[in-house]
Amino acid sequence: MIRITKPSISNNANWFGIRRLTVLASFVFTSAICSASAAIIFNGGVSGGGGNMISPKPPVSENDPEIVEEIVGKAQTTVLEYIWQKRNEYENNRLPESHRAAFVPLFEADNKIENAVRSTRLHIADEHACWDSQHRPVDGSTVTKDSNSICISAYNIAKKADLSDIHPQSAALMIHEYSELVGLSEEQAIKVQARALEDLRSK
Ligand SMILES: [Zn+2]
């Protein structure tokens, strides 16, 4: 359970101070993501480039969009940690049998997913859905105005998922999009996303 308390409105100075800090933190974080090294040429997936959360737990109460945005931003770190852990299992022959169908294609892809995560900008849509190549609204997509970025819709996530489920769902959805960027098919990307979701929910 992630609990973020909003400072009381009566304490204005403090509130603005915290707001400024939050904005600064997001800026530093975004800059880190944006300071991408040389662009990597990815083999594009053949699907529409979109992705949706898998069976999100419906929200118990309405989500605060700003809190959702913050959780989505933080999920990037979780994605890298998770990928490192799975790569380690793969290289040391410790991938559980049930995970091989999902992760072997990912780690045998021509491009490394870790590089995709580091060199791709994360665009968090806070007022609308993301769109796939057929202009269908989706929760996440590799189709963006920028050639080197993925879109994750905090707006959709806030509407569809309970606060307790947002962190694992956003991380698993990002993994789906990065998997497509390194060349996995839609079906393969969904397999990786489903495994990741299961693991991340149990953490
Ligand atoms: Zn997809």
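The sections below set out a description of the structure shown in this document. (Residues numbered from 1 in each chain as written. Predicted model: local features only at pLDDT ≥ 70, side-chain atom pairs only at ≥ 80, totals over all residues.)

Some points on the overall build of the chain
Now for step 1: If you tally the helices and strands in the chain, you get 7 helices and 6 strands.
Now for step 2: Reading the secondary structure of the chain in the N-to-C direction produces α-β-α-α-α-β-β-β-β-β-α-α-α.
Now for step 3: The 203 residues of the chain split such that 37% are buried.
Now for step 4: Put simply, of all contacts in the chain between residues at least 6 apart along the chain, 76% involve residues at least 24 apart. (Helix = DSSP H or I, 4+ residues; strand = E, 2+ residues; numbered from the N terminus. Buried ≥ 20, exposed ≤ 12 C-beta atoms within 10 Å, placed from the backbone. Contact = placed C-beta atoms within 7 Å.)

Let's talk about the pairing of strand E6 (residues 149–153)
Now for step 1: Burial analysis of E6 places 5 of its 5 residues in the buried class, the great majority of the element.
Now for step 2: Going residue by residue along E6, you find Ser149, Cys151 and Ser153 tucked away on one face and Ile150 and Ile152 tucked away on the opposite face as well.
Now for step 3: Sheet topology note: the strand E2 (residues 121–125)/E6 ladder contains 5 bridges and is parallel. When the bridges of E6 are listed, His123 appears paired with Cys151.
Now for step 4: Sheet topology note: the strand E5 (residues 140–141)/E6 ladder contains 2 bridges and is antiparallel. (Pairing = 2+ DSSP bridges.)

Thoughts on the sheet that holds E2
Now for step 1: Pairing in this open sheet of 4 strands is mixed, and the strands run E1-E5-E6-E2 from one edge to the other. At either margin of the open sheet sits one strand with a lone partner, and together these are strand E1 (50–51) and E2.

Considerations on the environment of Ile150
Now for step 1: Note that Ile150 resides in strand E6.
Now for step 2: Overall, Ile150 belongs to the buried group, with 27 C-beta atoms counted inside 10 Å.
Now for step 3: Separated by 28 residues in the primary sequence, Ile150 and Leu122 have C-alpha atoms spaced 5.4 Å apart.
Now for step 4: Those residues within four positions of Ile150 in sequence are excluded, and the remaining contacts are Thr120, Leu122, His123, Gly140, Ser141, Thr142, Thr144 and Glu177.

Section: the nonpolar core
Now for step 1: Formed by 42 residues in total, the largest nonpolar core has its most connected members in Ile152 and Ala154.
Now for step 2: Broken down by secondary-structure element, the contributors of at least two residues to this core are helix H2 (65–91), helix H3 (97–107), helix H4 (113–119), E2, E6, helix H5 (154–160), helix H6 (163–181) and helix H7 (186–201).
Now for step 3: At 9 residues, H6 tops the list of elements feeding residues into this core. (Core = buried A, V, L, I, M, F, W, Y, C linked by C-beta atoms within 7 Å.)

The analysis is restricted to geometry; functional conclusions fall outside its scope.
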